[in-house]
Amino acid sequence: MEFTIDRDELIQGLYLTQGIVERRTTIPILANVMVESSGDGVSMSATDQEVGVRRRCEAKVKKKGALTASARKLYEIVRECPVGSIVVRSLENTWIELASGKSRFKIVGLDPKEFPAMPTASRDRDDQQTVTVPVVMLREMIQRTLFAVSSDETRMNLSGIFFERPEPTKLRIVATDGHRLSMITRAVDAGTSASGVIIPRKGVAEISKVIEQGDDAVQIALQGGVAHASRGLVELSMRLVEGEFPDYKQVVPQKSKSRLRVGVEPLLAALRRVSIVSSERTRGVKLQMNASVLEVSSINPDIGEATDEIAVEYDGEPMSIGFNAKYLMDLLGVLAESSQVEIGFNDEVSPGVIRCEGDQDFLYVVMPMRL
């Protein structure tokens, strides 16, 4: 196999493989990227057998074929090559040669026949459900939910984001780790209402990379136990998480007795300052509210204490409630600094409900903690 490709084009193809290939694996081929050349270009694929990516790249193909090489090492080499064309060719015994200007590299590959097959989307299947989502919209939806996914590997049903279509013209995604829940709903093209599926955290993170820029659309297709996301030259495949997602509707309080209105920027700044002295394990802070002032405080016997005050609008009886500061800062960090949030409370032991003013289709529920 032999082809010539622009360095930047090759970097773009290899970039998407970096988050998928396994750093430590008992199956060596899973650390490799598969490069296949055909008449109109090359495709680059990587998989960990749960999530896979394939990207088409423009190239001048001299000889068709396939090869596999360490995805990380190949990416490092190409990144250091000068701007211009790179010639890639396969040698005997699965060795690979790269030539860029006066630089030459020879690296060891593995037999491409060992590379596992990746599932591909079929347009003819009767069980396929598809939705087309504008990139800007999906980027916002993922940004506001991915941080709330559980990192506890024993709770598989919380290890991904829940995608569903509650109405034919709505897409909703929900994430929770049992301590906080983030839910966002947006209008999409008409389709059919569909029961929800859980897309794994790693798969959603890779979708985020694919939609980092641009304002076109991405298509998500569900077939059996696999989700496919495609945009332009890139296709992602990921096995869905097995298990039943919790009934998130039961977690959301229907009413709030008290409401606090505050700017994102001053609240985030106060939490960052006060949480410096909080416990490394619990990150606990206390919110003390009255009609016009919010006092944020933290006491840590091993370090000291801190307080901060910010101007707010508060509708309710004076009260204090404790929260994990990280749970609040994770949300505020993905919102526009100039925006305002409304936090609803019932009492010191009930969850708080945070909404962005002017966006009733997004909410964040966070459980309180005793301090």
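Before going into details, it helps to say that this report is about the structure given with it.

How each quantity is defined
- Residues numbered from 1 in each chain as written.
- Predicted model: local features only at pLDDT ≥ 70, side-chain atom pairs only at ≥ 80, totals over all residues.
- Heavy atoms only, no water.
- Helix = DSSP H or I, 4+ residues; strand = E, 2+ residues; numbered from the N terminus.
- Contact = heavy atoms within 4.5 Å.
- Axes fitted to C-alpha atoms, helices over the stretch in contact; angles between N-to-C directions.
- Left-handed = near helix turned anticlockwise from the far one by under 90°.
- Nonpolar A, V, L, I, M, F, W, Y, C, P; charged D, E, K, R; others polar.
- Phe/Tyr/Trp six-rings, centres within 6.5 Å; stacked < 30°, edge-to-face > 60°.
- Buried < 20%, exposed > 50% of the residue type's maximum accessible area, 1.4 Å probe, protein only.
- Pairing = 2+ DSSP bridges.
- Arc of directions from axis to C-beta.
- Patch = residues over 30% accessible without salt bridge, like charges linked within 9 Å, V, L, I, M, F, W, Y side chains within 5 Å.
- Areas by Shrake-Rupley, 256 points an atom, 1.4 Å probe, with all protein chains shown as cover.
- Salt bridge = Lys/Arg side-chain N within 4 Å of Asp/Glu carboxyl O.
- Polar contact = N/O pair within 3.5 Å; in protein donor to acceptor, adjacent residues only side chain to side chain.
- Parallel < 35°, antiparallel > 145°, perpendicular 65-115°, else oblique.

**Structural notes on the environment of valine 285**
Following the sequence through the fold, valine 285 ends up in strand 19 (residues 284–289). Contacts of valine 285, omitting those with residues within four sequence positions, involve Leu271, Val274, Ser275, Val296, Ser297, Ser298, Ile321, Gly322, Phe323, Ala325 and Leu371.

**Some details on the packing of helix 5 (residues 264–274) against helix 6 (residues 325–332)**
In contact at an axis separation of 10 Å, helix 5 and helix 6 are set at 145 degrees when each is read in the N-to-C sense. Pair helix 5 / helix 6 crosses with left-handed handedness. Touching Val264, Leu267, Leu268, Leu271 and Arg272 of helix 5 are Leu328, Met329 and Leu332, all from helix 6. By residue class, the composition of the contact of helix 5 with helix 6 is seven nonpolar, no polar and one charged.

**Some words on the packing of aromatic side chains**
Under the counting rule described, the total for this entry stands at four aromatic pairs. An angle of 50 degrees between the planes, with centres 5.9 Å apart, marks the rings of phenylalanine 147 and tyrosine 364 as tilted. Taken as a pair, phenylalanine 147 in the loop between helix 3 (135–143) and strand 11 (160–165) and tyrosine 364 in strand 26 (residues 359–366) lie far apart in primary sequence, 217 residues in all. Residue phenylalanine 147 shares its accessibility class with tyrosine 364, and that shared class is buried.

**Overview of the pairing of strand 4 (residues 51–57)**
Burial analysis of strand 4 places five of its seven residues in the buried class, the great majority of the element. For strand 3 (residues 41–47) and strand 4, the ladder comprises six bridges, and the chain directions are antiparallel. What sits directly across from serine 45, in strand 4, is arginine 54. Hairpin geometry of strand 3 and strand 4 is characterised by an intervening segment of three residues between the two adjacent antiparallel strands and by a positive phi of about 75 degrees at glutamine 49. Pairing of strand 4 with strand 17 (residues 234–239), which is carried by five bridges, proceeds in the antiparallel orientation. Looking at strand 17, one finds that arginine 55 is bridged to valine 234.

**Regarding the sheet that holds strand 19**
Backbone hydrogen bonds are what pair the strands of a sheet, in a parallel or an antiparallel way. Here four strands make up an open sheet; going across it, the order is 21-20-19-23 and the pairing antiparallel. Looking at the sheet topology across the chains shown, the edges are occupied by strand 21 (304–311) and strand 23 (319–324). Here the strands of the sheet are splayed against their neighbours by 20 degrees on average, with no regard to which way each runs. The strands that helix 5 touches are strand 19, strand 20 (293–300) and strand 21; relative to strand 21, the one it contacts most, it runs at about 170 degrees.

**Some thoughts on helix 2 (residues 71–80)**
Since there are 3.6 residues in each turn of an α-helix, residues three or four apart along the chain are aligned in direction. All of the buried residues in helix 2 are Ala71, Leu74, Tyr75, Ile77 and Val78. Down the axis of helix 2, the sector holding all buried residues measures 165 degrees, keeping them to one side. Where helix 2 is buried, its residues touch helix 1 (7–15), strand 2 (32–38), strand 6 (65–70), strand 7 (85–90), strand 8 (95–100) and strand 9 (103–110).

**So, a nonpolar patch on the surface**
A contiguous nonpolar surface patch, about 260 Å² in accessible area, is contributed by Leu91, Trp95 and Val108. Along the chain, the position of tryptophan 95 falls in strand 8.

**Focus on the side chain of histidine 228**
Tracing the backbone shows histidine 228 in strand 16 (residues 226–231). Histidine 228 sits in the buried class, given a relative accessible area of 5%. A polar side-chain atom of histidine 228 sits 3.2 Å from a polar atom in the side chain of serine 237.

**Focus on the packing of helix 1 against helix 2**
Where helix 1 contacts helix 2, the two axes come as close as 10 Å, and the packing angle between them is 155 degrees. In terms of orientation, helix 1 and helix 2 fall into the roughly antiparallel class. Seen along the crossing, helix 1 lies across helix 2 with a hand that is left-handed. Residue-level inspection shows Arg7, Leu10, Ile11, Leu14 and Tyr15 of helix 1 in contact with helix 2, the latter providing Leu74, Tyr75, Val78 and Arg79. The residue makeup of the contact of helix 1 with helix 2, split by class, is seven nonpolar, no polar and two charged.

**Re unusual backbone geometry**
In terms of backbone geometry, most residues other than glycine have negative phi values and most peptide bonds are trans. Although it is not a glycine, threonine 94 adopts a positive phi angle of roughly 65 degrees. By relative accessible area, which is 31% here, threonine 94 ends up partly exposed. Of note in this structure, arginine 283 is not a glycine but carries a positive phi near 55 degrees.

**Focus: the pairing of strand 17**
Relative to strand 17, strand 16 is paired through six bridges, and the arrangement is antiparallel. Considered in strand 17, the bridge of arginine 231 is made with valine 234. Following strand 16, the chain reverses through two residues before pairing antiparallel with strand 17; glycine 232 in that reversal takes a positive phi of roughly 55 degrees.

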